[in-house]
Amino acid sequence: MLVIVLENAPPRLRGRLAVWLLEIRAGVYVGTYSRRVREHIWDQVKSGIEDGNAVIAWQMNNEAGFEFETLGANRRTPADWDGVRLVSFFPEPREEDL
């Protein structure tokens, strides 16, 4: 299984993903493909994301049962803790910091 979530993505990228994947909610795409096709789809996201951000998650034979990769600016960032991938959150900027 493969899941891609887009935020602030250009409409042409969303349309391109709809060719391969089912859009079950706005910006949330799912499908089942081989590693090779998954990498091809992710390359399409990388080349078309512009100022948006994206995350891809897929089934994997590891401790968590899945793997993921992110792209673009986001408060959430992958972090490795003793070989387990987790997600760290950056704090929201405060008004006095702006």
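So, a few notes on the structure that sits alongside this text. Since the structure is predicted, the reported quantities are computational estimates derived from the model, not experimental observations. (Residues numbered from 1 in each chain as written. Predicted model: local features only at pLDDT ≥ 70, side-chain atom pairs only at ≥ 80, totals over all residues. Heavy atoms only, no water.)

Topic: helix α2 (residues 35-48)
Here is step 1 of the chain: End to end, α2 covers 20 Å across 14 residues, agreeing with the expected 20 Å (1.5 Å per residue, within 8%).
Here is step 2 of the chain: Those residues of α2 that sit buried are Arg-38, Ile-41, Trp-42, Gln-44, Val-45 and Gly-48. For α2, the arc enclosing every buried residue in end-on projection is 150 degrees, short of the 170-degree limit, so these residues lie on one face. Within α2, the exposed residues directed more than 90 degrees away from the buried face are Arg-35, Arg-36 and Ser-47.
Here is step 3 of the chain: Looking at the packing, one finds that the buried side of α2 touches β1 (2-7), α1 (11-20), β4 (53-59) and β5 (66-71).
Here is step 4 of the chain: Downstream of α2 by a residue or two, Glu-50 has a phi angle that is positive, lying close to 55 degrees. (Helix = DSSP H or I, 4+ residues; strand = E, 2+ residues; numbered from the N terminus. Expected span 1.5 Å × (residues − 1). Buried < 20%, exposed > 50% of the residue type's maximum accessible area, 1.4 Å probe, protein only. Arc of directions from axis to C-beta. Contact = heavy atoms within 4.5 Å.)

Some thoughts on the side chain of Asn-53
Here is step 1 of the chain: Looking at the secondary structure, you find Asn-53 in strand β4.
Here is step 2 of the chain: Looking at Asn-53, its side chain comes within polar contact range of the main-chain oxygen of Ala-73, at 3.3 Å.
Here is step 3 of the chain: Ignoring any residue separated from it by four or fewer positions in sequence, one finds Asn-53 in contact with Val-5, Leu-6, Glu-7, Leu-71, Gly-72, Ala-73 and Asn-74. (Polar contact = N/O pair within 3.5 Å; in protein donor to acceptor, adjacent residues only side chain to side chain.)

Notes on the sheet that holds strand β2 (residues 22-25)
Here is step 1 of the chain: Judged by pairing direction, the sheet is antiparallel, and its five strands sit side by side in the order β2-β3-β1-β4-β5 without closing on themselves. The sheet terminates laterally at β2 and β5, the two strands that pair on one side only. Strand-to-strand twist across the sheet, computed as the mean angle between neighbouring axes with direction ignored, equals 20 degrees.
Here is step 2 of the chain: The sheet contact formed by β1 and strand β3 (residues 28-31) spans four bridges and is antiparallel. Looking across to β3, one finds that Ile-4 is bridged to Tyr-29. (Pairing = 2+ DSSP bridges. Axes fitted to C-alpha atoms, helices over the stretch in contact; angles between N-to-C directions.)

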